[in-house]
Amino acid sequence: PRPEDHVVVLFGATGDLAKRKLLPGLFHLARAGLMPAGYRVIGSAPAADALSTDAFRKHAREAVAEFGTSQPEGPAWEEFERALSFGAADPDDTGPLQTAVREAEQALGGSPRRLFHLAVPPKAFPSVIAELGASGLAEGGRVIVEKPFGTDLASARALDGTIHAVFDESRVFRIDHFLGKESVDNILALRFANGLFEPVWNRDHISHVQIDVPEKLTIEGRAGFFEGTGTFRDMIVTHLFQILGFVAMEPPAVLTAQALRTEKAKVFQSMRPLDPAQAVRGQYEGYRAEPGVDPRSDTETFAALRVDIDNWRWAGVPFYLRSGKALAEGRHVVTLGFREPALRMFAVDVPDTTNELVIDFDDPGRITARFLAKEPGPEMNLGEAEMVFAYTDCFNTAHALEGYERLILDAMLGDQSLFTSSEGIERLWEASAPLLENPPPVEPYARGSWGPDAVHRLVAPYRWHLPEGG
Ligand code: BG6
């Protein structure tokens, strides 16, 4: 289905996210014929950072050229560029934005839907929401709110209060772009479309789970955002917990937004409050010398922890989560470790890692089943073997969408299935409270490593699946 006509307003249009993901993503949607028949994209920022429409178009062209999947040229680009304009907005003066919205709506005719994307630092959410309410711009519109949603339970509740005063919940789209990744969505297909996997997806067969998202990137000049946030809030309480929700949830009764959100919220409800003794915080060497970082900063650039889910499916199965900056590799991996068979009937030594299902949710994704097989020859010796499903081998990935693209499209369609609910988020902050209140000290780690040494003790007697073969 194609969305109804839209005026999309991009707050933070001159920022990092708009440049890397949102402008290239909107252009890709337009090229793929997935934007509404009639649409306009209005960039917005405080007057101090305002651009002319021409300057904004140039900014968008450069962003697409640098970060887009196709070059900004030809008729598709010209059409997209014509749909772009700029309207500045400050809390006490939304005049230029209001004019830009009115002009866009007149140009489209009819009554297009408004979609506001808040690609601004979390501390700016309340003032932008308030200005949308006070100016009347919010009327009938939908809002996409970036993560992290609050910094703890109290602030998340307060933010919900601010938002709900202007937008009712059916018009709120709390975005977590990991949920828009093809191979994350595929976790649902893998589990609930196949008699092969779901029957073993529980504590009887699975001994432990790892959700591992190391990044090679440093903070890349984002000190202003990162210093007040840290890896736990930037990655764990958001992306990694949402993945955990998909891996651990019960089958929903139906595939609707409400049912999916309910099942995920139940997993979060069963999460044992996080234990600071089962968590590691780290900071890469040299972080304190990054521009804009406090030389005595205590912000973590690495976090690893154990999560326990006290329900019938997962009791006693540890979930280990890890993410950090400046690590040895950039990967997105979920690993399910399976229990040993009831009896060891082979006289030979078997390798440590016997059965694993490894879900790589890098774009494009891959799933590997690792198991033991008989080595060719006259004796019954065992060796490690694997079966691989690679998206690129089985499907034409030309139509794949990036996380942000998929989710912006869903927001235009009004489908909240892959967005997070206030209930779910509040529960995650609640479970995180003991760790946030008593964080373990940050331990330094070398750039290009896999984090502080303590990360290995955290998972004993298991081992991290990454590095592969390490
Ligand atoms: C963002 C975080 O949400 O996700 C960044 O703010 C992080 O710090 C990024 O680098 C990772 O996303 P992806 O899709 O590139 O793995």
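In this text the structure is predicted, and so the values were computed from the model without any measurement.

According to UniProt, the positions carrying the feature "active site" (unreviewed entry) are His 239. Summarising the element assignment, His 239 is placed in helix α9 (residues 230-248).

Attention now goes to the pattern of salt bridges. Counting across every chain of the model gives 33 salt bridges. Between Arg 20 and Asp 16 there is a salt bridge whose closest N-O contact spans 3.2 Å. Of this pair, Arg 20 and Asp 16 are both found in helix α1 (residues 16-31), four residues apart, which corresponds to roughly one turn of the helix. By relative accessible area, Arg 20 is classed as partly exposed at 34%. In this structure, the salt-bridge partner of Asp 160 is Arg 174, at a minimum N-O distance of 2.8 Å. Linking Asp 160 in helix α6 (residues 153-164) with Arg 174 in strand β6 (residues 172-174), this pair joins segments that are 14 residues apart in sequence. The pair Asp 160 / Arg 174 is uniform in exposure class, with both members buried. Several salt bridges share partner residues, and in doing so they unite Glu 329, Arg 331, Asp 360, Asp 362, Arg 366 and Glu 468 into one network.

Our focus in this paragraph is the sheet that holds strand β13 (residues 366-374). Taking strand neighbours across the sheet as the criterion, the nine strands line up as β14-β13-β12-β11-β7-β10-β9-β8-β15 in an open arrangement whose pairing is mixed. On the outer flanks of this sheet lie β14 (382-390) and β15 (442-445), each paired with one strand and no other. Between one strand axis and the next, the sheet turns by 20 degrees as a mean value, whatever way the strands run. Bridging between strand β7 (residues 206-214) and strand β10 (residues 319-324) involves six bridges; their strand directions are parallel. Looking at the pairing, Ile 211 lines up with Leu 321 of β10.

Take the site of the ligand next. Residues in contact with the ligand, as listed here, are Lys 147, His 177, Phe 178, Lys 181, Glu 215, Arg 222, Asp 234, Met 235, His 239, Lys 325 and His 332. One nitrogen or oxygen atom from the side chain of Lys 181 is found 2.7 Å from an oxygen atom belonging to the ligand. Surface burial for the ligand is 82%, taken as the share of its 400 Å² of free accessible area covered by protein chains. Tallied by class, the residues present in the shell around the ligand amount to two nonpolar, three polar and six charged.

Procedures and definitions
The numbers attached to residues start from 1 for each chain and follow its sequence in the written order. Where local features are concerned, this predicted model is filtered to residues with pLDDT of at least 70; where side-chain atom pairs are given and counted, the filter is 80 or more; whole-chain, interface and lining totals use all residues. Think of the side-chain values as coming from all heavy atoms in the structure, minus any hydrogens and water. UniProt positions are given in the numbering used here, feature names are shortened, and annotations may be inferred rather than shown by experiment. Comment: elements are numbered from the N terminus, with helices defined as DSSP H or I runs of at least four residues and strands as E runs of at least two. Each salt bridge in this description consists of a side-chain nitrogen of Lys or Arg and a carboxyl oxygen of Asp or Glu lying within 4 Å of one another. Accessibility here uses a 1.4 Å probe with only protein chains present; expressed as a share of the type maximum, an area under 20% marks a residue as buried, one over 50% as exposed, and anything in between as partly exposed. Following DSSP output, two strands are said to pair if at least two bridges run between them. Throughout, an axis means a line fitted to C-alpha atoms (over the contacting stretch in the case of helices), and angles, computed between N-to-C directions, take values from 0 to 180 degrees. If a single non-hydrogen atom of a residue is within 4 Å of a molecule or strand, that residue counts as near it. The definition of a polar contact used here is a pair of N or O atoms within 3.5 Å, where within protein one atom must be able to donate a hydrogen and the other to accept one, and adjacent residues in sequence count solely through side-chain atom pairs. Every accessible area reported is derived by Shrake-Rupley at a probe size of 1.4 Å, with residue values counting cover from the shown protein chains alone. When residues are sorted by character, Ala, Val, Leu, Ile, Met, Phe, Trp, Tyr, Cys and Pro go into the nonpolar class, Asp, Glu, Lys and Arg into the charged class, and all the rest, Gly among them, into the polar class.

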